[in-house]
Amino acid sequence: MAQLVAHWSGGPGVVGSSPIGSTSSMRTKIILKLFIIILISSCGGGSGNDSSQSPINQMPPSGISPNQKGTLDGYLQHNGIRREFILYVPQSYNQSNLTSVIFNFHGFGSNAFEQMNYGDFRNLADENGFIVAHPQGTTTYGNGPHWNNWNGDGGTSNQDDIGFIDELISLLQTLYNIDDQRIYSTGMSNGGFFSYHLACNLGARIAAVASVTGTMSPQTYSSCSPTRPISVMQMHGLQDSVVPFLGFPSLGLSQTDLMEFWAAHNNCNSQPDISLVDDLAPNDGSTGIKTSYLNCDKGTSVEFFLFDGAGHTWPGTGNKAGSNSVNMDIDGVSEIYNFFKKNVLNP
């Protein structure tokens, strides 16, 4: 249209530049030309405001382009709320290959960025080509960012976090070549609680979960009815004063009851195998034992690391959290990844 207007408004032989011709003739030509311009415009003849044409390099709704790599800030709208996440897609990601995803959930009062750096899977992702998603919890009822693993019943959140993660999984499947048999969840403290909440309520999409210093809330436990056997791993410090080993009625199950619940659900051997964790860091002030419930249905397993001398900390992180009560005999991230690799959604 801009080219058409320019053509009619200047240059040899057009009204604006010719001194020849009567006033009446000029008016007739002007009216005729304006009519042609209006007619073409009303037919949508090349308007620059055509909404059907996307702007060049328009950012997709998630803030992330298909198969984009790097540390990426993403978002989606869920229940009218902007929900955010940090996605780590290594340079080793190959869009031709089915790719596993690990969801890594932060604790109460923490955030996605802190968890990405604390329980840090990025080096393993670089080496193995998987994707790590770090969702961000919400701040409700005056509390710090956290996850709703109380089903909104007497808890500190009323957000539909299960729906958010369900939608986020679907979004990632539109952006990347995701292996729907290898989607996993892990997390620290409240993020561990929420991983169990996902196992109970989104087990049709989550292949296995690993909790660090978490447990199951009474609300999650009372309503938990997974549709399938699901492998779980738990890591806990005996001296954890935030989520005590013995549990607390209003907070969550004891570690013993937690493991027995999942062993029973997966129909594992009633008597577990118990072994000492090699004391590879004798100066860390901590030792560990590993309890394994084996021969479970569908090839699942239930594994429990308990560390004497450790508190509310992620094994192998040194003093990242400003605490010396950390077991350094194992690398928690590597143990979790190796555990996940053994499990698929539908073996």
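Anyway, here's the lowdown on the structure attached to this text. (Residues numbered from 1 in each chain as written. Predicted model: local features only at pLDDT ≥ 70, side-chain atom pairs only at ≥ 80, totals over all residues. Heavy atoms only, no water.)

### What to know about the packing of aromatic side chains
Inference 1: Enumeration according to the criterion identifies 12 aromatic pairs in this entry.
Inference 2: When the ring of Phe121 is compared with that of Trp314, the centres are 6.4 Å apart and the planes differ by 85°; the resulting orientation is edge-to-face. Here the residue Phe121 occupies a position in the loop between α3 (112-118) and α4 (122-128), and Trp314 occupies one in the loop between β10 (302-308) and α9 (332-341), the gap between them amounting to 193 residues.
Inference 3: Cluster of aromatic residues (ring-pair linked, three or more members): Tyr196, Tyr221, Phe261 and Trp262.
Inference 4: Over the aromatic face of Phe164 sits the side chain of Arg83, whose NZ or CZ is 4.1 Å from the ring centroid. (Phe/Tyr/Trp six-rings, centres within 6.5 Å; stacked < 30°, edge-to-face > 60°. Helix = DSSP H or I, 4+ residues; strand = E, 2+ residues; numbered from the N terminus. Lys NZ or Arg CZ within 6 Å of the ring centre and 35° of its normal.)

### Quick look at the sheet that holds strand β2 (residues 81-89)
Pairing between the strands of a sheet is mediated by backbone hydrogen bonds and can be parallel or antiparallel.
Inference 1: Strand order across the open sheet formed by 10 strands is β1-β2-β4-β3-β5-β6-β7-β10-β9-β8, with mixed pairing between neighbours. The two strands at the open ends of the sheet, each matched to only one other strand, are β1 (70-78) and β8 (273-276). Going from strand to strand, the sheet's axes swing by 20° on average, the running direction of each strand aside.
Inference 2: With nine bridges connecting them, β1 and β2 associate as antiparallel partners. Bridging from a neighbouring strand, His78 pairs with Ile81 of β2.
Inference 3: Along the sheet, helix α5 (residues 161-175) makes contact with β1, β2, β3 (99-105), β4 (131-135) and β5 (178-188), crossing β1 at roughly 125°.
Inference 4: Along the sheet, α9 contacts β3, β5, β6 (208-212), β7 (231-237) and β10; its crossing angle with β7, the most-contacted strand, is approximately 165°. (Pairing = 2+ DSSP bridges. Axes fitted to C-alpha atoms, helices over the stretch in contact; angles between N-to-C directions. Contact = heavy atoms within 4.5 Å.)

### A closer look at the pattern of salt bridges
Inference 1: Counted under the stated rule, the structure contains six salt bridges.
Inference 2: As a salt-bridge pair, Arg82 and Glu84 come within 3.0 Å of each other at their nearest N and O atoms.
Inference 3: A relative accessible area of 39% means that Glu84 is categorised as partly exposed.
Inference 4: A salt bridge links Asp161 to Arg83; its shortest N-O distance comes to 3.0 Å. (Salt bridge = Lys/Arg side-chain N within 4 Å of Asp/Glu carboxyl O. Buried < 20%, exposed > 50% of the residue type's maximum accessible area, 1.4 Å probe, protein only.)

### Focus on the state of the cysteines
One way to say it: the disulfide is the covalent bond shared by the sulfur atoms of two cysteines.
Inference 1: Following the criterion strictly, the structure yields two disulfides and no others.
Inference 2: Here Cys200 connects covalently by a disulfide to Cys224, the sulfurs 2.1 Å from one another. Classification of the bridge connecting Cys200 and Cys224 rests on its S-S torsion, roughly -90°, and on that basis the disulfide is left-handed. You can see Cys200 sitting in helix α6 (residues 190-201) and its partner Cys224 sitting in the loop between α7 (218-223) and β7, a full 24 residues away along the chain. The two residues Cys200 and Cys224 agree in class, both being buried.
Inference 3: Cys268 shares a disulfide with Cys296; S-S distance 2.0 Å. Residues Cys268 and Cys296 are joined through a disulfide that is right-handed, its torsion about the S-S bond being 110°. A residue pair is termed long-range when its members are at least 10 positions apart, and Cys268 in the loop between α8 (255-265) and β8 and Cys296 in the loop between β9 (287-293) and β10 qualify at 28 residues.
Inference 4: Relative accessible area serves as the criterion here: at 10%, Cys296 is assigned to the buried category.
Inference 5: What links to what in the protein chain: the bonded cysteines, counted in sequence order, pair as 1-2, 3-4. (Disulfide = S-S within 2.5 Å.)

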